Amino acid sequence: MCKKKFLSIFLLVSFMLYPMYIYAAKAGSAENNKLCLQCHLDKTMTKKLLNKEILSLYINGSEFAASVHGKVSCSGCHIDINMDNHPQSKRIQSRSEYALSVSRNCSICHTEAQLNQRQPIHKALAAKGPCIECHGSHYIRPTAINKAGVQENAYCLTCHRNKISMRMQNGEALSVYVDENSFASSVHAKLLCKDCHSEFSKTQHPVRSFNSRRAYTITASELCGKCHKEAAKLYEMSVHIDQLKGGNEKAPSCVDCHGDHSIASPKKDKNIGIVSCNKCHSDMSPSYEASMHGKARIKGNEKAPACSSCHNAHNVESAKMTTKIKDGCLKCHKDAAKLHTKWLYNPPVKLSTFSIAHFDAVSCAACHSPNAERGIYLTLTSRKTNKPISDDELTKIFGIEPDVLIKKLDSDSDGMISQKEMWNIFAQLFKHGVRVTFTGNMDVQKATEAHMIASKAEGVKDCDKCHKPDAELFQNVFIVIKKSDGKPLIIPAKKEVLISVYSIIPMSKFYVLGSTSVKLLDIIFIVALIGGIAVPIGHISFRIITSPIRALRRMGKGGKK
Amino acid sequence: MTRIFLHPLPIRIWHWVNALAFIILILTGAQIKLGNAIHFFSFQTAVKIHSWLGWLLVFNYFIWVIYYFSTGNIKIYIPPLHRPVEFAKKALRQAKFYGWGIMVGDENPHHSTFENKFNPMQQVSYLMIMVALIPLQLITGMLLWDPKLFEPVVNLAGGLQIIDLIHVFLWIFFSAFIIVHFYLATLGHTPMAHITAMFTGYEELHDDHGHGHGESHEHGHEEHSESHAQDKSHSH
């Protein structure tokens, strides 16, 4: 036991003293350096490398002597040089290759464990970067001193201008290379690296660990909100952040659209609102390009709407879950409400509010994409907040597991919500103290068709298409519930939900003249008419039957008179 | 034959504008609501006529309001509810007359005068119609006419579907009512007596009719009414 303990202490002490031993060994040879400097003090001494680069072999003796390696012999680092056959002809490809090969010799004294302990960033750098890049070659000083006069960004670029990368926990390599030129031409050119990468500076370089490249990108995007507060606030309301939070790592963060170091000003990059969207939504591109808007843009009209013009840049919402897309249309078509009153009005006056009443319930595309297939979307909405109720909220209210929610809503599991099922959803939520309403709107069914905006002349102007029982555009009805990831849960509904007595209360805010008329009322109308006609017919009949009595009385036979 | 003045000019104008507008509104309303079963007009035409006449009715209603409230004659619509038993008995007698008395040649228990134009049943029903149902129909019509303009009121009522429900129920009621109303208008001493009176303002009284107005001389209605009628006729 005692023997073992002694051995451990001996080994530990030996390990600690080893670098000192090496240093002493080299120091002992410091006198030999004079021999080397006899030649290398010559400023004109150079070597032509294979790539035609010229490598200076000049050493400033006094500066070297003043460096931390001043007492280390030349051969301590240049272990491959043997004075017996020096100078010999060595084939060196390039300066960078030479720097890298010489840097490997640093590890003779500066072991990996030691470097990592002093400054953990060495771990990531040592694999790629030559030591001399940061510390210099012969006049070795700590980087902070070596680069004391260097501007902050230049300091960072010392390493990051190289194609260095960072290893992720899942084994992926993330490039941490910064293209100086593209950064210099970016909108952020005047910023310091630490303005965004606030944890880093000339004196601080923490080592961080990320699961994946994507995890790093998402985290890095959070830095943007430090300055771009308004955009970050809007982004927090978007379907994209909901998707990210819901676990969809493909959903975009700031850098996915704007890039990282080569960020362009959206004022200059007029196509950012299309190009960045197309990275994921390229399936929308053909229909957009076929639209009035797309054609105008292709012709070079930079003011023609891009994706972000209608869907917004940051607070992008699910098209089925928002009525804000029309705000995008109205940004350009400012007079739309007034212009629609040319034909869309109720006499005796033409009011914009009447157009707006239609805009509230009908998406622009529903009329202006003339060949699109339309649907009536009834969104389950809280009466209190006026916002859609999510599937998560529903499962909590009902106290059920998420996977049985559909079964709960579509109780007969026929894949369609009937008028009774609609009433049951309303009534059950009412029992739980939740007041809801199904807010309705008409929209195109396929997103691709929504983009095929045609010319004004092709828009739907025929009132009968909507305002008539069993109207052409009221054949497809859907119940919409917001999913917690921001996307809609769309369940087909029977078209009878629009005209059922069961729907009057649950759907009290959605009314379309003619097409949401409750059928039962038509029957009551017919009955009332028959009743109204029956009263005079019955009364006249009795009067005819009783006319002899009146005749008798008038003649004084049996009457009061 | 004597004449009794019942309907002053503003009320005759109001009545006939009301009658025509109501009939056309009922028909255009039916066209709007039952567009796949009725084809009187196109949807657009029906809506435009409906809107114009709806607003005409709103202004027309004010003729009625201004006339009756400025003259104080609104009292003819107010049932004497401070004498409920007597009023109930009169109403029952009136109902009995229409149900049976009219068949056997009884005298109409109510004798219309300018100050007491309506029988108890008319009083209750016209009061309801004029102060509740027509205003409600006009207001719901206005809300449907531009739901965005009146959005706060629509929301207060619980939504446009509820507004429409009220409007449609009243449409059903008025459709049936107007048929019965027209029939009852033929129950004067001659079928045209009440209707003519609504044009001329004067109702002719005949001593020998079975169930018409003012058959009896016992109450002195005729003379009073006649003198009043003459007074009124001068004023017109």
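One can find the structure itself at the top, above this paragraph.
1. Comments concerning a positive patch on the surface
- There is a patch of like positive charges on the surface, built from A:Lys342, A:Lys350, A:Lys456 and A:Lys461.
- Positionally, A:Lys342 belongs in the loop between helix 22 (336–340) and helix 23 (352–361).

2. Section: helix 25 (residues 391–398) of chain A
Residue and element names in this part refer to chain A.
- Among the residues of helix 25, Asp391, Leu394, Thr395 and Phe398 are the ones counted as buried. Across the axial projection of helix 25, the buried residues extend over an arc of 95°, all falling on one side.
- Taken together, the buried residues of helix 25 touch strand 5 (374–382), helix 26 (405–409), helix 27 (419–431) and strand 7 (477–482).
- Immediately beyond the C-terminal end of helix 25, within one or two residues, lies Gly399, with a positive phi of roughly 65°.

3. Focus on the environment of B:Phe97
All names here are of chain B.
- For Phe97, the location among the structural elements is in helix 3 (residues 84–104).
- Given a relative accessible area of 3%, Phe97 falls into the buried group.
- Each C-alpha atom of the pair Phe97 and Asn108 lies 6.6 Å from the other, and the pair is 11 residues apart in sequence.

4. What to know about the packing of helix 1 (residues 9–33) of chain B against helix 7 (residues 193–200) of chain B
All names here are of chain B.
- Look at helix 1 against helix 7: their axes get within 8 Å of each other, and the N-to-C directions meet at 115°. Facing helix 1, whose interface residues are Arg12, His15 and Trp16, helix 7 presents Ile195, Ala197, Met198, Phe199 and Thr200.
- Here the contact of helix 1 with helix 7 is built from residues that sort into 5 nonpolar, 2 polar and 1 charged.

5. Here's the deal with the interface of chain B and chain A
- Counting from both sides, the interface comprises 43 residues of chain B and, opposite them, 50 residues of chain A.
- Overall, the association of chain B and chain A removes approximately 4300 Å² of surface from exposure, summing both partners, and the carbon and sulfur fraction of that is 68%.
- Sorting the residues of chain B by area buried against chain A places B:Met103, B:Gln161 and B:Tyr183 first, and these three jointly supply 17% of that buried surface.
- Counting across the chain B and chain A interface gives 20 residue pairs in polar contact (both at pLDDT 80 or more).
- Of all the secondary structure elements, the ones that give two or more residues to the side of chain B that touches chain A are helix 1, helix 2 (43–71), helix 3, helix 4 (120–145), helix 5 (151–157) and helix 6 (160–185) of chain B.
- Ranked by residues supplied to the side of chain B that touches chain A, first place goes to helix 6 of chain B with 14 residues.
- Per-class residue counts for the side of chain B that touches chain A are 26 nonpolar, 10 polar and 7 charged.

6. Let's talk about the sheet that holds strand 8 (residues 488–493) of chain A
Residue and element names in this part refer to chain A.
- The strand order 6-5-7-8 describes an open sheet built from 4 strands, whose pairing is mixed. The sheet terminates laterally at strand 6 (436–444) and strand 8, the two strands that pair on one side only. Going across the sheet, the axis of each strand differs from the next one's by a mean of 30°, ignoring polarity.
- Taken together, the 6 bridges between strand 7 and strand 8 define a ladder with antiparallel strand orientation. Bridge assignment links Ile479 to a residue of strand 8, and that residue is Ile491.

Rules and cut-offs
- Residues numbered from 1 in each chain as written.
- Chains lettered and ligands numbered in written order.
- Predicted model: local features only at pLDDT ≥ 70, side-chain atom pairs only at ≥ 80, totals over all residues.
- Heavy atoms only, no water.
- Patch = residues over 30% accessible without salt bridge, like charges linked within 9 Å, V, L, I, M, F, W, Y side chains within 5 Å.
- Areas by Shrake-Rupley, 256 points an atom, 1.4 Å probe, with all protein chains shown as cover.
- Salt bridge = Lys/Arg side-chain N within 4 Å of Asp/Glu carboxyl O.
- Lys, Arg positive; Asp, Glu negative; His and termini not counted.
- Charge placed at Lys NZ, Arg CZ, Asp CG, Glu CD.
- Helix = DSSP H or I, 4+ residues; strand = E, 2+ residues; numbered from the N terminus.
- Buried < 20%, exposed > 50% of the residue type's maximum accessible area, 1.4 Å probe, protein only.
- Arc of directions from axis to C-beta.
- Contact = heavy atoms within 4.5 Å.
- Axes fitted to C-alpha atoms, helices over the stretch in contact; angles between N-to-C directions.
- Nonpolar A, V, L, I, M, F, W, Y, C, P; charged D, E, K, R; others polar.
- Buried area = accessible area lost by both parts, 1.4 Å probe.
- Polar contact = N/O pair within 3.5 Å; in protein donor to acceptor, adjacent residues only side chain to side chain.
- Pairing = 2+ DSSP bridges.

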